[in-house]
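A structural walkthrough
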Amino acid sequence: MQRNDLKPATIAAHAAGAVDLASGGVVPPIQPSTTFVRDRDYQLVNEDNVYLRSHNDAVRLGEEILSRLEGAEDTQLFPSGMAAIAAVFRTVPNGGAVIVQSGIYWGTTKWIRDFCSRRDITLHEVDASDTGALQALCAGLKAQLVFVETPSNPWLKTVDIIAAKACAESCGAFLVVDSTAATPLLTQPLALGADLVMHSATKVINGHSDVLGGVLSTRVRTPVWEAICMDRNEAGAVMGPFEAWLLVRSMRTLPLRVEKMCANAMAVAEFLAAHPEVEEVLYPGLPSHEGHDLAGRQMQGGYGFLMSFLVKGGRAAALAVAGRLNLFHRATSLGGVESLVEHRHTIEPHTGIPENLLRISIGIEDIDDLIADLSQALQGG
Ligand code: PLP
C-alpha cells in the first residue's frame, strides 16, 4: 500500500503503486477473463472476483488512481464520457427538474434534452458562467441536479464552482462538474464543493486518441452515488479490461503531458491574440478573457489545452485556414498528444456557434513547429 500523501505526479507515474505480484513485473497485468473460478467447496478462488461486468483489477486500479488524483472517496469508470453523464441523469426521478449549463459540449446538451423530454423532467438551461443568472434561476426552484462544464467546450466559459455549489444547495440539488477540459490536475472540483466530478477519459486522461472512456468521482458516498454504482453494475455500462489497462498506462504520463500542453497552449493563445488575421481568442489563460481571474483562482498549473479562435473574414476564411494547416489534424475530439483543429459550425450549425470559429486542441509537439504551422495557415490567404 502506498502512502496517500504522495503528489499527483508520483501517484500517476507509479500507477498508485500497482505491480504484478504473480510475476514480479513492475507493470500491472491485464486479466481479460469474463468469469472467475470457484474451488471444489464452491468457494471463490479470489473473493474479489466473480464476473467481469462487476469485477476487473485493471478497472479497479484505474478507479483508484483517479480517486487519488481527484481527492475522491470513490470513482467509477464508464465505457465513454456520455455513459458517465447518462448514469448521473438516470438518478433523476420522472417528473423531476435539472439545471444544465447552456453552450456546453453539444453531444451532452443534445442527449440531455432528449432524455428529459422522454422522462418528463423539466430542463432549465442557463449560462452558468454568469453566477448572477444561476443564482436567480436556482432561488425560485426545486431541482435534483445542477450540471456545469468548466472550462466549457467550445466557448471556454469558466464557471465558479464554489458559487455553483451554493446555488445547487439553494434549490436542493447536487452539483456535477464536467472537468474534462481542466483535467484531474488543474482543478479539483470536489475540494471546491462539487458533489461529483465527471471526465471524458477519451480526452486528456487517456491522451493518445485510442481509448473511449468516462469517469465519475464522488466526494463522499451518498445514496445517489450508490444508485449510480448499482445502475452501472446491473445495466452494464462498464469499461473493458483492455481499455482500463491502456488508461492506467496512459495516466503514468498525465502530469507531464498536461504541463507541456498547457505551456504550448499559452504560447499559441498569445501568438493568435497578436495576429492581424484573428478577430478574437477564447482562452482562459489570456488576461482579456472574461473568466481569467476566476480561472486563475480555480486552475493551478495552467489553463488547459483547449481554445477557440475567430478568424477574420467569416466562414470561408476559417475553413481555408483549417485546410492549410499541415500539422494540426482536421478532426473532432481533444486532449490527445497531437494537435487537432475543428470547425464546430460544421458539426452544430444550429447552436449559434460562429461560422468563423475554429476550436483547437493543443498537443505536446514542439511549440515552434505549432506556431510555424498556424502562421503559414493564417498568412496563406
Ligand atoms: N464532455 C466533454 C467536455 C466533451 O468534450 C465530450 C466529448 O467530446 C464528452 C463530455 C463526451 O465524452 P465521450 O466522447 O467520451 O463520450
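Check the entry above for the structure.
Structural notes, computed from the coordinates. Everything numeric here is computed off the predicted structure, so don't read it as measured data. Here the residue numbering is sequential within each chain, running from 1 through the sequence in written order. Totals for whole chains, interfaces and linings use all residues, but because this is a predicted model, local features are given only for residues with pLDDT of at least 70 and pairs of side-chain atoms are given and counted only at 80 or more. The side-chain numbers reported here are obtained from all heavy atoms of the structure, hydrogens and water having been left aside.

Examining the pattern of salt bridges
The term salt bridge refers to a pairing of a side-chain nitrogen on Lys or Arg with a carboxyl oxygen on Asp or Glu at a separation within 4 Å. The final tally for this structure, using the stated rule, is 16 salt bridges. Between E64 and R68 there is a salt bridge, and its shortest N-O distance comes to 4.0 Å. With E64 and R68 both in helix α2 (residues 57-70) and four residues apart, the pair spans about one turn of that helix. One connected set of salt bridges, linked through shared partners, spans K165, E169, D195 and R219. Counting from the N terminus, the helices are DSSP H or I runs at least four residues long and the strands are E runs at least two residues long.

Some thoughts on the environment of R330
Residue placement: R330 occurs in strand β10 (residues 329-330). For R330 and K110, which are 220 residues apart along the polypeptide, the C-alpha to C-alpha distance reads 23 Å. Residue contacts follow a heavy-atom distance rule, with two residues in contact if any of their heavy atoms lie within 4.5 Å. Aside from chain neighbours lying at most four places away, what touches R330 is A322, G323, L325 and V341. Side-chain atoms alone can form a polar contact between residues adjacent in sequence; in general such a contact is a pair of N or O atoms within 3.5 Å, and within protein one must be able to donate a hydrogen while the other accepts it. Among the polar contacts made by the side chain of R330, one reaches the main-chain carbonyl oxygen of A322 at a distance of 2.8 Å. Here the side chain of R330 touches L325 through a polar contact of 2.9 Å, landing on its backbone oxygen.

Describing the sheet that holds strand β5 (residues 174-178)
Across the sheet, seven strands lie side by side as β1-β7-β6-β5-β4-β2-β3; this open sheet has mixed pairing. Looking at the sheet topology across the chains shown, the edges are occupied by β1 (74-78) and β3 (122-126). The mean inter-strand angle of the sheet, taken between neighbouring strand axes irrespective of direction, is 20°. The criterion for strand pairing is that DSSP finds at least two bridges linking the strands in question. When strand β2 (residues 97-101) meets strand β4 (residues 145-149), the two strands line up parallel, connected through three bridges. Across the sheet, the residue bridging to V98 is L145, located in β4. Sheet contacts for helix α5 (residues 131-139): β2 and β3; angle to β3, the most-contacted strand, approximately 155°. For helices, the fitted line uses only the C-alpha atoms of the stretch in contact; every axis is such a line through C-alpha atoms, and the angle between N-to-C directions lies from 0 to 180 degrees.

Notes on the site of the ligand
A cutoff of 4 Å decides nearness: a residue is near a molecule or strand if any of its heavy atoms lies inside that distance of it. Around the ligand sit S80, G81, M82, Y105, E149, N153, D178, T180, S200, T202, K203 and G213, and that is every residue in its neighbourhood. Within the backbone of M82, one N or O atom sits 2.8 Å away from an oxygen atom of the ligand. K203 is positioned with one of its side-chain polar atoms (N or O) 2.9 Å from an oxygen atom of the ligand. If the ligand stood free it would expose 390 Å²; the protein chains cover 92% of that surface. Polar here means any residue outside two lists: the nonpolar Ala, Val, Leu, Ile, Met, Phe, Trp, Tyr, Cys and Pro, and the charged Asp, Glu, Lys and Arg; Gly therefore counts as polar. Among the residues forming the shell around the ligand, the class breakdown is two nonpolar, seven polar and three charged. Methods summary: accessible areas were calculated by the Shrake-Rupley approach with a probe of 1.4 Å, and residue burial reflects only the protein chains presented.

What about the state of the cysteines?
Put simply, a disulfide is two cysteine sulfurs that come within 2.5 Å. Applying the stated criterion across every chain yields a total of zero disulfides. Note on C138: no disulfide assigned, nearest cysteine sulfur contributed by C171 at a separation of 4.0 Å. Think of it in three bands: with a 1.4 Å probe and only protein chains considered, a residue is buried below 20% of the maximum accessible area for its type, exposed above 50%, and partly exposed in between. Judged by its relative accessible area of 0%, C138 falls in the buried class. Counting only cysteine sulfurs, C138 is the nearest neighbor of C167, a cysteine outside any disulfide, at a range of 4.8 Å.

Thoughts on the pairing of strand β7 (residues 214-218)
The buried fraction of β7 amounts to five of the five residues, a majority that puts the element mostly inside the structure. Here β7 shows no split at all, with G214, L216 and T218 on one side and V215 and S217 on the other all buried. When β1 meets β7, the two strands line up antiparallel, connected through five bridges. Bridge pairing in β7 places T75 opposite S217. Pairing of strand β6 (residues 196-200) with β7 involves five bridges; the strand directions are antiparallel. Within the sheet, the bridge partner assigned to M198 lies in β7 and is L216.

Some remarks on the nonpolar core
Here, nonpolar core means buried Ala, Val, Leu, Ile, Met, Phe, Trp, Tyr and Cys residues that are tied together by side-chain atoms lying within 4.5 Å of each other. In terms of nonpolar packing, the biggest core is built from 38 residues, with I65, L77, I205, L247 and V258 touching the most fellow members. Those elements that place two or more of their residues in this core are α2, α7 (183-186), α9 (241-251), α10 (254-273) and β9 (306-311). Take this core: its biggest share by element is six residues, from α2.

Remarks on the side chain of E348
The residue E348 is located in the loop between α13 (344-347) and β12 (357-361) in this model. At 2.7 Å, the side chain of E348 forms a polar contact with the side chain of T351. Other than its neighbours up to four places away in sequence, E348 contacts W106, P154 and I353.

Examining unusual backbone geometry
Cis geometry is adopted by the peptide bond preceding P151, which originates at T150 and carries an omega value of -15°. Relative to the helices and strands, P151 is located in the loop between β4 and α6 (161-170). Here the residue pair N153 and P154 is connected by a cis peptide bond, since its omega of 10° sits within 30 degrees of zero. Summarising the element assignment, P154 is placed in the loop between β4 and α6. The backbone phi angle of Y42 is positive, close to 65°, even though this residue is not glycine. Checked against the element boundaries, Y42 lands in the loop between α1 (8-13) and α2.

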